[in-house]
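# Geometric and topological summary
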Amino acid sequence: MPSLEHVVFAGAVLLVVAVAAFFVLRSHKAAEALAPRAGAGARAAPADARAPRPRRRSTLDGPGQAMVVSAYGMRGRRESMQDAHFAVADKKGAVAGVFDGCGGARASRACADLLGGDEDRRRALRDAGAGEAAIAAWLEACEARVLAASEAGGWIDASTALVARVNGSDVAVGWLGDSRAVLAVDDGKGGLAALDLSVDHKASNPREAKRVRAAGGFVGRTEQEARASGARALLGKMAPALAFRANKKSAFRVYPGGIALTRCVGARPLKFKNLVTATPETFARPCDGAEAFLILACDGVWDVLDGAAAVKCCAAVAPEKAAETLVYHAHNKGSTDNLTAVVLSWP
C-alpha cells in the first residue's frame, strides 16, 4: 500500500497538472520578456544604447577638463568587505573597474591591484583604438593572474570584474558576472535616460542558464530542483517549497558548485566543463556629446535600485559626491550586501 507521503505527493501533482500548461506558457513568456535584448556575440547591451543623442556636453576630443571621478565602497551589513575598485581620469579619458568578491576578497583585490598597478597597461587600455578587444584581453590576463595566485596560495575565491574605459571616441565596457554598467545620457526632453551597457551573468539569466545546461550543468534554487525532471519538475514550477523546499525568492544557482554567477574571475574548482567561465562580454558606444555620467556598481546597489533610480540619485548631487550618495541610498533602501560604486562624469 502506498505510504501517506506518496499519496500526498501524487495528489499535489494531480492538482497542478490541470493548470500546468497555462503557467508554464506564462513563465516562458515572462522569461522571454526578461531575456537580454542582445543577440549572440560580444555586444550584449540593448540596441538603443547605440542610438544617437542630442549633444549635451563636451566630448573628450580636445583640450579641456578631466572627467570627474567619484568612487565609494562600504562593508554595509556584511561581516567583511569583499569588494574592490579602482578609477583614474585625466583630460584624455578614464579607466575604472569594480570587482565584487565571492568567498573572500583575494580575487577582487588582485583584479583592482592589476588595474591600478600598471600605468602603461592602463594608458594603453584608455588609448586603444579597439576598446572592446583591449578590455577583453585585460580581463583574460586578470583571470590568468588570479588562477595562478589561487593555485599557489591554495584559495578558491571568485570575483566579478567590470572594467570601463572612456576616451574621446567611445565608452567601452567589459564584464564577467553581475556588476553592472549604466550610462546616463540626455533624453532630449530636458532630463536623463539610463542605458544599461551590460547584462548580468547570473543563473537567472535565461541565456546563461541555457549555456550552462548545454555544457552539462544544472540550474535551480537548490540542487534538488536543478536536477529534477518529469512530474517533479512540473510540480516545482508551481510549488517549489513543497517539491524542493526552495524559496521562490532564492537565487538560482549553477550545480555542481552552487554559485549564482555563471561567469567570473577565479573560482578555480568550478571552471571544469566550462559551467562557470571567464569568457568576457564587451560593449562599446560611440561618444556623441549626450553623455552625462557612467555608473559602475556591484550588485549590492542593483539589488535594490534599477538604472533609472541610480541615475536620478547621482544627478541630484555634485559629481564628486555621486558614488557616495548612491551607495548610501542603496544601503538605506535595505541592501544587505557590500556596496561599491564608481561614477565617471563628463566635464
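Refer to the structure presented above.
As the structure is a prediction and not an experimental result, all values here were calculated from the model.

This next bit is on the nonpolar core. With 25 residues, the main nonpolar core has Leu 197, Leu 294, Leu 296, Leu 344 and Trp 346 as its most contacted residues. Elements that contribute at least two residues to this core include exactly strand S3 (93-102), strand S5 (161-166), strand S6 (170-176), strand S7 (180-186), strand S8 (192-196), strand S13 (291-297) and strand S14 (339-345). Core analysis: the second largest hydrophobic core is formed by 24 residues, Cys 142, Trp 155, Val 163 and Ala 172 among them.

The next point concerns helix H5 (residues 206-214). Residues that lie three or four places apart on an α-helix share one face, since the helix turns once every 3.6 residues. All of the buried residues in H5 are Glu 208, Ala 209 and Val 212. Buried residues of H5 fall within an arc of 100° about the axis and therefore sit on the same side. Along H5, the residues that are exposed and aim more than 90 degrees away from the buried face are Lys 210 and Ala 214. Lining the buried residues of H5 we find strand S9 (218-220) and strand S10 (253-255).

Counting through the fold element by element, Lys 271 comes out in the loop between strand S11 (265-266) and strand S12 (281-286). Using a relative accessible area of 17% as the deciding quantity, one classes Lys 271 as buried. Setting aside chain neighbours within four positions, we find Lys 271 in contact with Glu 143, Cys 264, Val 265, Gly 266, Val 276, Thr 277 and Ala 278.

Now for the sheet that holds S13. Strands pair in a sheet through their backbones, by hydrogen bonds, and they do so in one of two ways: parallel or antiparallel. Taken together, five strands build an open sheet; the order of strands is S1-S14-S13-S7-S8 and the sheet is antiparallel. Two strands lie at the open edges of the sheet, namely strand S1 (68-74) and S8, each paired on one side alone. Sheet twist, expressed as the mean angle between neighbouring strand axes with direction ignored, is 15°. With five bridges joining them, S7 and S8 adopt antiparallel strand pairing. Across the sheet, residue Val 185 finds its bridge partner in S8, namely Ala 193. The strands touched by helix H10 (residues 307-315) are S7, S8, S13 and S14; relative to S13, the strand with the most contacts, the crossing angle is about 115°. Lying over the sheet, helix H11 (residues 322-332) contacts S1, S13 and S14, oriented at roughly 30° with respect to S1.

Applying the stated criterion to the full structure yields 16 salt bridges. Asp 337 is the partner of Arg 78 in a salt bridge, and the nearest nitrogen-oxygen pair spans 3.5 Å. Here Asp 337 lies in the loop between H11 and S14 and Arg 78 lies in the loop between S1 and strand S2 (83-90), a separation of 259 residues in the sequence. Residue Asp 337 is classed as buried on the basis of its relative accessible area, which comes to 8%. Across the pair Arg 227 and Glu 223 runs a salt bridge, and its minimum N-O distance is 3.0 Å. Here the residue Arg 227 and the residue Glu 223 both occupy positions in helix H6 (residues 223-227), the gap between them amounting to four residues, near one helical turn. For Arg 227, a relative accessible area of 41% gives the class partly exposed. Residue Glu 223 is classed as partly exposed on the basis of its relative accessible area, which comes to 35%.

Now for the side chain of Arg 180. Among the structural elements, Arg 180 can be located in strand S7. Arg 180 gets classed as buried once you look at its relative accessible area, which sits at 17%. A polar contact of 2.7 Å, which involves the side chain of Arg 180, links it to the side chain of Asp 200. Once residues lying within four places of it in the same chain are set aside, the contact partners of Arg 180 are Leu 162, Asp 196, Ser 198, Asp 200, Ile 295, Leu 296, Ala 297 and Trp 302.

Our focus in this paragraph is the packing of aromatic side chains. Under the definition given, this model contains two aromatic pairs. Judged by centre distance (6.3 Å) and plane angle (40°), the rings of Phe 99 and Trp 138 are tilted. Within this pair, whereas Phe 99 is found in strand S3, its partner Trp 138 is found in helix H4 (residues 131-153), the two being separated by 39 residues in sequence.

The rules behind each value
- Residues numbered from 1 in each chain as written.
- Predicted model: local features only at pLDDT ≥ 70, side-chain atom pairs only at ≥ 80, totals over all residues.
- Heavy atoms only, no water.
- Core = buried A, V, L, I, M, F, W, Y, C linked by side-chain atoms within 4.5 Å.
- Buried < 20%, exposed > 50% of the residue type's maximum accessible area, 1.4 Å probe, protein only.
- Helix = DSSP H or I, 4+ residues; strand = E, 2+ residues; numbered from the N terminus.
- Arc of directions from axis to C-beta.
- Contact = heavy atoms within 4.5 Å.
- Pairing = 2+ DSSP bridges.
- Axes fitted to C-alpha atoms, helices over the stretch in contact; angles between N-to-C directions.
- Salt bridge = Lys/Arg side-chain N within 4 Å of Asp/Glu carboxyl O.
- Polar contact = N/O pair within 3.5 Å; in protein donor to acceptor, adjacent residues only side chain to side chain.
- Phe/Tyr/Trp six-rings, centres within 6.5 Å; stacked < 30°, edge-to-face > 60°.

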